[in-house]
Amino acid sequence: MSEQSMPQDTGATGPVHDVAVLGGGSFGTAMAKVLGENGHRVHFWMRGEAQAEEIRTTRVNSRYMPGIELAGDIQPTTDLADAVSKAEIVFVAIPSKAFRAVIRENCDKFRDDQIVVSLTKGIEEHGFKLMSEILQEEIPRCRIGVLSGPNLAGEIVNRDLTATVIAAKDPDVRRAVQDLLGCEYFRVYANVDVYGVELAGALKNIYAIVAGLASALEMGENAKAMLITRGLAEMSRFAVSLGANPMTFMGLAGVGDLIVTCTSSKSRNYRVGYAVGQGQNLDDAVAELGQVAEGIYTLKLVKEKAEAIGIYMPLVRGLYEILYDNASIRAVINSLMMSVQNSDVEFILPRTISQ
Ligand SMILES: NC(=O)C1=CN([C@@H]2O[C@H](COP(=O)(O)OP(=O)(O)OC[C@H]3O[C@@H](n4cnc5c(N)ncnc54)[C@H](OP(=O)(O)O)[C@@H]3O)[C@@H](O)[C@H]2O)C=CC1
Ligand SMILES: O=C(CO)COP(=O)(O)O
């Protein structure tokens, strides 16, 4: 086994903590790296023994973060119970489709009052549950938080300047996560609107697909701005109807994350949209990506939910028709452009005209 690298100087201060990161994909790896560089002992759980052994011996997760060395005391493991039992705080970066199954199977391993933070930006298929709601149901004795924001994993591992949001009702959870993760290249802002922060992270993936599609079709810069801004209007209309605070969408987890994923080909959701815009079919685009693009699933769930509760979401409906009903992209664009012209900011001038 190679000698473990020493942590780099990140400007982080404070005592060393034992933390667990569950999920060995791109984002789990990025967060494990920040925590390791900040000097903490990271119990890094993944399901593949070959992957754990590779990280143990080479300090590299070659499938998800090729060429990136994981410095510090990062201990890869396939023993989830061991990782959770050693940790004061647990971060969960498991795609939404597998999230409940992994937590439920191990729910007795979590301790009373242990802090558990979801990093996942998705929605559960049955019941429209967000990940914090799943945690609340499966491990109600734990203290729960949600981390979300403009956080491309590939930039964080390069120590590019990044900010994120920790949302939790409990101020101790917010402070603990700020202390653990904050450093000279990673800033952690706080919010109490857990539902809004979490829903924003899931919803923006839909508009990243739309933006990728628009970019492939070379629609121009005005169109890009229109899509991002109307996407923001649409996602906040939907979230507010479900109880989120509209002001959350002015912050990093709302407009911040929307901007980064709608303008960068580093976003997997954007890349899927771009591929479809170039004529590739959805299944091939997802297979070629080889990583999770949560927006594909979120789109279906949000379209159904919006219809059920009567919320006007023309971009969601248009994208759904393109991806799942084989509608012509041009016909959908034309229908969106020729639909009723509504008010700009609905919190100033209500959208009085119904669809
Ligand atoms: N990447 C990013 O920039 C960011 C991602 N996120 C969110 O983080 C979440 C995770 O995404 P990310 O890490 O990027 O995804 P990746 O596609 O990079 O990796 C997925 C990870 O999940 C694991 N996994 C898949 N199914 C299961 C299962 N049934 N049980 C256990 N583990 C499983 C995979 O394991 P295996 O390799 O064995 O298949 C892999 O480690 C998503 O919700 C995403 O939206 C949030 C912010 C930024
Ligand atoms: O959520 C992200 C950045 O904030 C990552 O987006 P993608 O999943 O589209 O890569």
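Residues numbered from 1 in each chain as written. Chains lettered and ligands numbered in written order. Predicted model: local features only at pLDDT ≥ 70, side-chain atom pairs only at ≥ 80, totals over all residues. Heavy atoms only, no water.

Quick look at the overall build of the protein chain now. Tallying secondary structure elements over the protein chain gives 15 helices and eight strands in all. Whereas a compact globule of 355 residues would reach a radius of gyration of roughly 20 Å, the protein chain reaches 20 Å, a difference of no more than 12%. For the protein chain, restricting intrachain contacts to residue pairs at least 6 apart in sequence, the fraction spanning at least 24 positions comes to 73%. Of the accessible surface of the protein chain, which amounts to about 15600 Å², a share of 51% is contributed by carbon and sulfur atoms. (Helix = DSSP H or I, 4+ residues; strand = E, 2+ residues; numbered from the N terminus. Rg over C-alpha atoms; globule rule 2.2 N^0.38 Å. Contact = heavy atoms within 4.5 Å. Areas by Shrake-Rupley, 256 points an atom, 1.4 Å probe, with all protein chains shown as cover.)

Positive phi is not limited to glycine here, since Asp113 has a value of about 70 degrees. Within the secondary structure, Asp113 is located in the loop between helix H4 (96–105) and strand E5 (115–118). Even without a glycine there, the phi angle at Glu218 is positive, about 50 degrees. Secondary-structure assignment places Glu218 in the loop between helix H8 (194–216) and helix H9 (221–241).

Helix length check: H9 (21 residues) gives 30 Å between terminal C-alpha atoms against 30 Å at 1.5 Å per residue, within 8%. Turning to H9, its buried residues are Ala223, Leu227, Ile228, Gly231, Leu232, Ala233, Glu234, Met235, Ser236, Arg237, Phe238 and Ala239. The inward-facing, buried residues of H9 abut H8, helix H10 (252–263), helix H13 (295–309) and helix H14 (314–324). (Expected span 1.5 Å × (residues − 1). Buried < 20%, exposed > 50% of the residue type's maximum accessible area, 1.4 Å probe, protein only.)

This part is about the site of ligand 1. Contacts to ligand 1 come from 22 residues, most closely from Ser26, Arg47, Tyr64, Val292 and Glu294. Contacts to ligand 1 include Phe27, whose backbone N or O atom sits 3.0 Å from an oxygen atom. Between Tyr64 and ligand 1, the recorded distance is 2.6 Å, taken from a side-chain N or O atom to an oxygen atom. In isolation ligand 1 offers 900 Å² of accessible surface; the protein chains occlude 85% of this area. Contributing elements (two or more residues each) for the shell around ligand 1: helix H1 (26–37) and H4. Here the shell around ligand 1 is built from residues that sort into eleven nonpolar, six polar and five charged. Mapped onto the domain boundaries, the shell around ligand 1 takes at least three residues apiece from domain 1 (18–192) and domain 2 (203–337). (Near = heavy atom within 4 Å. Polar contact = N/O pair within 3.5 Å; in protein donor to acceptor, adjacent residues only side chain to side chain. Nonpolar A, V, L, I, M, F, W, Y, C, P; charged D, E, K, R; others polar. Domains from an automatic or database assignment.)

With that settled, the discussion passes to the UniProt feature "binding site: NAD(+)" (unreviewed entry) in the protein chain. As annotated by UniProt and renumbered to match this structure, "binding site: NAD(+)" (unreviewed entry) occupies Gly23, Gly24, Gly25, Ser26, Phe27, Gly28, Ala153 and Arg268. With respect to the helices and strands, the residue Gly24 is situated in the loop between strand E1 (18–22) and H1. A relative accessible area of 10% places Gly24 in the buried class. What Phe27 contacts, discounting residues up to four positions off in sequence, is Ala93, Leu119, Asn151, Ala153 and Ile156. (UniProt positions renumbered as here; feature names shortened; annotations may be inferred.)

What follows concerns the UniProt feature "binding site: substrate" (unreviewed entry) in the protein chain. UniProt marks Lys121, Arg268 and Asn269 with the feature "binding site: substrate" (unreviewed entry), using the numbering shown here. Look at the named residues: they lie 149 residues apart in sequence, but the longest C-alpha span between them is just 12.6 Å, so in the fold they bunch up. With respect to the secondary-structure elements, Lys121 resides in the loop between E5 and helix H5 (131–138). Given the relative accessible area of 16%, Lys121 is considered buried. In terms of polar contacts, Lys121 uses its side chain to reach the backbone carbonyl oxygen of Gly149, at 2.8 Å. Along the chain, the position of Arg268 falls in helix H11 (residues 268–277).

Okay, the packing of H8 against H11 next. The axes of two packed helices give the description: the angle between them and the distance between them. Where H8 contacts H11, the axes come no closer than 6 Å and their chain directions differ by 40 degrees. With respect to H11, the axis of H8 lies oblique. Remark: the crossing between H8 and H11 carries right-handed chirality. Note on element contacts: H11 touches H8 through Asn269, Tyr270, Gly273, Tyr274, Val276 and Gly277, opposite Asn205, Ala208, Ile209, Ala211, Gly212, Leu213, Ser215 and Ala216. Among the residues making up the contact of H8 with H11, the classes are represented as eight nonpolar, six polar and no charged. (Axes fitted to C-alpha atoms, helices over the stretch in contact; angles between N-to-C directions. Parallel < 35°, antiparallel > 145°, perpendicular 65-115°, else oblique. Left-handed = near helix turned anticlockwise from the far one by under 90°.)

All right, on to the side chain of Thr261 then. In this fold, Thr261 is placed in helix H10. Of note is the side chain of Thr261, whose polar atom sits 2.6 Å from the backbone oxygen of Asp257. With sequence-adjacent residues up to four places away left out, Thr261 is seen in contact with Lys204, Ala208, Ser267 and Tyr270.

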